[in-house]
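# A structural walkthrough
Here is how the chains run, residue by residue.
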Amino acid sequence: MVGKFSTRGKDGANAVPNLGATPDMNILKQLVPTKHRFSGLTKHCRALRSSYLHSSTDASVEVHSPEQEVVIALGSNVGDRLDNFNNALELMNKLGITITRHACLYETAPAYVTDQPNFLNSAVRAVTKLGPHELLGVLKQIEKDMGRSGGIRYGPRPIDLDILFYGKFKVHSEILTIPHERIWERPFVMAPLMDLLGSSADCDTVTCWHSFSLLSGGLLEFWEKMGGESLIGKEGMKRVLPIKSGLWDWSQRTSVMGILNVTPDSFSDGGKFVSVEAAVTQARLMISEGADMIDIGAQSTRPMASRISAEEELDRLMPVLEAVAGMPEAEGKLISVDTFYSEVASEAVSKGAHLVNDISAGQLDSNMLRVVAGLKVPYIAMHMRGEPHTMQNSENLQYDDVCKQIASEIYSRVKDAELSGIPAWRVIIDPGIGFSKKTEHNLDILVGLPNIRAEIARKSFGVSHAPMLIGPSRKKFLGHICSRIAADERDPATIACVTASVLGGANIVRVHNVRDNADSVKVCDAMLKQRSTKNLS
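Read on for a plain summary of the structure.

Quick notes on the rules
Here, residues in each chain are numbered from 1, in the same order as that chain's written sequence. The predicted nature of this model means local features are confined to residues of pLDDT at least 70 and side-chain atom pairs, given and counted, to a pLDDT of 80 or more, with totals for whole chains, interfaces and linings taken over all residues. Calculated side-chain values reflect all of the structure's heavy atoms, with hydrogen atoms and water omitted. Here a cavity is any set of points on a 1 Å grid over the protein atoms alone where a 1.4 Å probe fits but cannot get out, and a pocket is any open set with protein on both sides within 12 Å along at least 5 of 7 lines; a residue lines the site when it has an atom within 4 Å of a point. Grid points are joined across faces, edges and corners, and a volume is the space filled by probe spheres set on the points. A run of DSSP states H or I qualifies as a helix once it reaches four residues; a run of E qualifies as a strand once it reaches two. Both are numbered from the N-terminal end. Residue polarity follows a fixed list, in which Ala, Val, Leu, Ile, Met, Phe, Trp, Tyr, Cys and Pro are nonpolar, Asp, Glu, Lys and Arg are charged, and the others, Gly among them, are polar. Any Phe, Tyr or Trp ring, taking Trp's six-membered ring, that has another such ring centre within 6.5 Å forms a pair; planes under 30 degrees apart are called stacked, those over 60 apart edge-to-face, and the others tilted. For the exposure calls, accessible area comes from a 1.4 Å probe over protein chains only, and a residue counts as buried if that area is under 20% of its type's maximum, exposed if over 50%, partly exposed in between. Like-charged residues are merged into a patch within 9 Å and nonpolar side chains (Val, Leu, Ile, Met, Phe, Trp, Tyr) within 5 Å, provided each residue has over 30% relative accessible area and no salt bridge. Here the Shrake-Rupley method, with its probe set to 1.4 Å, supplies the accessible areas, and only the displayed protein chains count as covering residues. Salt bridges are defined by distance alone: a side-chain nitrogen of Lys or Arg within 4 Å of a carboxyl oxygen of Asp or Glu. When DSSP locates at least two bridges between a pair of strands, those strands are taken to pair. The contact criterion used throughout is that any non-hydrogen atoms of two residues lie within 4.5 Å. Convention adopted: a line fitted to C-alpha atoms gives each axis, helices being fitted over their contacting stretch, and angles between N-to-C directions are expressed from 0 to 180 degrees. Residues scored as positive are Lys and Arg, those scored as negative are Asp and Glu, and His as well as the terminal groups of each chain are ignored. Charge placement uses NZ in Lys and CZ in Arg. For Asp and Glu, CG and CD serve respectively. Every angle not falling under 35 degrees, over 145, or within 65 to 115 is termed oblique; those three ranges are roughly parallel, roughly antiparallel and roughly perpendicular. Helix crossings fall into two classes, left-handed where the near helix is turned counterclockwise from the far one by less than a right angle and right-handed where it is turned clockwise.

## Quick word on the layout of surface pockets
- Size it by volume and the largest pocket reaches roughly 1200 Å³.
- Ser-251, Gln-252, Asn-507, Leu-528 and Ser-532 are, among the 29 residues lining the largest pocket, the residues nearest its centre.
- Elements with a minimum of two residues in the lining of the largest pocket: strand 12 (237-243), helix 17 (491-503) and helix 18 (514-536).
- Per element, the largest residue contribution to the lining of the largest pocket is 7 residues, and it comes from helix 18.
- Across the lining of the largest pocket, the residue classes tally to 8 nonpolar, 11 polar and 10 charged.
- When its volume is computed, the second largest pocket comes out at roughly 850 Å³.
- Arg-157, Asp-160, Asp-162, His-180 and Arg-186 are, among the 43 residues lining the second largest pocket, the residues nearest its centre.
- Of all the secondary structure elements, the ones that give two or more residues to the lining of the second largest pocket are strand 5 (68-76), strand 8 (119-128), helix 4 (132-145), strand 9 (160-166) and helix 5 (187-195).
- Looking at the lining of the second largest pocket residue by residue, the class counts come to 20 nonpolar, 13 polar and 10 charged.

In structure tokens, the structure reads:
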């Protein structure tokens, strides 16, 4: 494709904007020594320098333009803000802007004009063959089609789409400046922008984006100087996950997910809750004991479990799901469906489930990611190799560094989900304790949750910030450690795991015994709050 980057010069003729304003090469040289912080910036600048387009303001240049990687910021504070985001993303993908990565979702207080509703803010990385001004035109048309009119500057709007970066280029024209000139003063723009990066630059284009900050440590240093993670939860800005009809700030406290197995063969409680009456009674008990979520599963995923069909799973699941969803006690609680079948996920969500919990992260049903993208519900992506019948085979238990490899494999699954249309702001990650893991692997996970997050952050800060679910409840490795053959004798060991998990950064714990684990969670949350208070003082 041949694109023409042009603007109006002093004499009124078409001229090229300052696309080729090459950043000071001294700045790029300063970036290189910081390889211990983000190794991708060690790629030498010679290739980067040659990739810039040099031009003047009184000449026209044809640019043979391959796909360019871009960053686009999104904001909305009028109408259904989340639906506005969904519609904008769909339109972008249809109009030549292929989205490859999503930031987290932020609810923020309005800036500049403060007498208006709170905003939702995020950002996406994408690739496009559109020139910068063509891209601007498409985005402005999307804004118009979605109901944005002139209004007051910085005032309320159903959707706001801004180009933050366009390839390795700087653009200066009467209608467009890239990098966006107000990036550097807006935490609500910088936070989602940082989510789209990793601590290691993944390409020369990202290296270039770092250079625009004019700091030796790139955008990472700029974000830290602005306040960085300390700004989240303060200054009217919080990281949220859309769920049910609201926005969940998972940083406030740890959530407890109660396990409801409506199966005859689950390892801990198989056969106990197969009747609707028994299942409802158990769900009511777990809610009374402090469960925030109920995770309903109709297929056993214990090691060596045989797979049943989606039809049989639905036959078991649906009567219980409908009954639990209809309970008065379930008001304000969340219902999750534990399935790896897209057909089951779709039907369950249509009957009241709020989340999809997939042990395979899309590996056991090729339609799952596409279906969940269409359902627009949160997606729990768990790490597992193989399937329940094969996950404990020797080849699936080979790890050199279990936390590092889990992080890499989870990130790969989340990346697939994003490319299928599931934004990172809807993803919950689960390192999969007990699934294709030996006892020592499970222990490594429990003490290494910060390492898992840090390893994911090398590739994506956004995914590293995702809520993390941990499910050690009554697992076989606890029986090995504590010499407890019966699964229901492993609750004290489960409490120990839950305690370690919450103190290590877990946001959701999935358990059979809700009452005792909910108490553990409350104590851990109080400890974390106390530590945070001490650090602030």
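## Things to note about the packing of aromatic side chains
- Following the criterion strictly, the structure yields 7 aromatic pairs and no others.
- Relative to Phe-222, the ring of Trp-184 has its centre 5.2 Å away and its plane inclined at 75°; by these criteria the two rings are edge-to-face. Note that Trp-184 is positioned in the loop between strand 11 (177-178) and helix 5 and Phe-222 in helix 7 (residues 218-226), a separation of 38 residues in sequence.
- The exposure class of Phe-222 is buried, given its relative accessible area of 16%.
- Within the aromatic cluster, the residues linked to one another by ring pairs are Phe-165, Trp-209 and Phe-212.

## Some thoughts on a nonpolar patch on the surface
- Side chains of Leu-503, Val-523 and Met-527 sit close together on the surface and give an oily, nonpolar patch of about 250 Å² of accessible area.
- By relative accessible area, which is 43% here, Met-527 ends up partly exposed.

## Examining unusual backbone geometry
- Omega for the bond connecting Ile-178 with Pro-179 falls within 30 degrees of zero, at 0°, which places this linkage in the cis form.
- Assignment of secondary structure puts Pro-179 in the loop between strand 11 and helix 5.
- Located in the positive-phi region is Leu-214, a residue other than glycine, with phi close to 65°.
- With respect to the helices and strands, Leu-214 occurs in the loop between helix 6 (204-211) and helix 7.
- Non-glycine residue Lys-376 carries a positive phi angle of around 60°.
- Structurally, Lys-376 can be placed in the loop between helix 11 (368-375) and strand 18 (379-382).

## A word on the sheet that holds strand 16 (residues 334-338)
- Taking strand neighbours across the sheet as the criterion, the 8 strands line up as 19-18-17-16-15-14-21-20 in an open arrangement whose pairing is parallel. Of all the strands in the sheet, just strand 19 (427-430) and strand 20 (469-470) have a single pairing partner and so form its edges.
- Sheet topology places strand 14 (residues 255-261) next to strand 21 (residues 508-511); 4 bridges connect them, and they run parallel. Residue pairing in the sheet places Met-257 in a bridge with Arg-510 of strand 21.
- The strands touched by helix 8 (residues 276-288) within the sheet are strand 14 and strand 15 (293-297), with strand 14 carrying the most contacts at an inclination of about 165°.

## With respect to the pattern of salt bridges
- In total, this model carries 24 salt bridges according to the counting rule given.
- A salt bridge links Asp-160 to Arg-157; the nearest nitrogen and oxygen atoms lie 3.1 Å apart. We note that Asp-160, like Arg-157, is buried.
- Bridged by salt links that share partners, the residues Lys-140, Glu-143, Arg-148, Arg-157 and Asp-160 form one connected network.

## What to know about a negative patch on the surface
- On the surface, Glu-311, Asp-315, Glu-322, Glu-343 and Glu-347 cluster together into a negatively charged patch.
- At the level of elements, helix 9 (310-325) and helix 10 (342-350) are the ones that each hand at least two residues to the negative patch.
- The element best represented in the negative patch is helix 9, accounting for 3 residues.

## Looking at empty space enclosed by the protein
- For the structure shown, the criterion picks out 3 cavities of 30 Å³ or more.
- Computed from the structure, the largest cavity encloses a volume of approximately 60 Å³.
- Lining the largest cavity, in full, are Gln-299, Ser-300, Ala-305, Ser-306, Arg-307, Phe-340, Leu-364, Glu-387, Pro-388 and His-389.
- When grouped by side-chain class, the residues that make up the lining of the largest cavity number 4 nonpolar, 4 polar and 2 charged.
- What the second largest cavity holds in volume is close to 50 Å³.
- Lining the second largest cavity are Cys-104, Leu-105, Val-240, Leu-241, Trp-250, Ala-424, Trp-425, Arg-426, Val-427, Gly-462, Ala-466 and Pro-467.
- Across the lining of the second largest cavity, the residue classes tally to 10 nonpolar, 1 polar and 1 charged.

## Examining the packing of helix 5 against helix 7
- Relative to each other, helix 5 and helix 7 sit at 140°, their axes nearing to 11 Å. Taken together, the axes of helix 5 and helix 7 are oblique relative to one another. Note on packing geometry: the crossing formed by helix 5 with helix 7 is left-handed. Side by side, helix 5 and helix 7 meet where Pro-187, Met-190, Ala-191 and Met-194 of the first sit next to Leu-219, Leu-220, Phe-222, Trp-223 and Met-226 of the second.

So, to be careful, I would describe these as geometric facts and stop short of saying anything about function.
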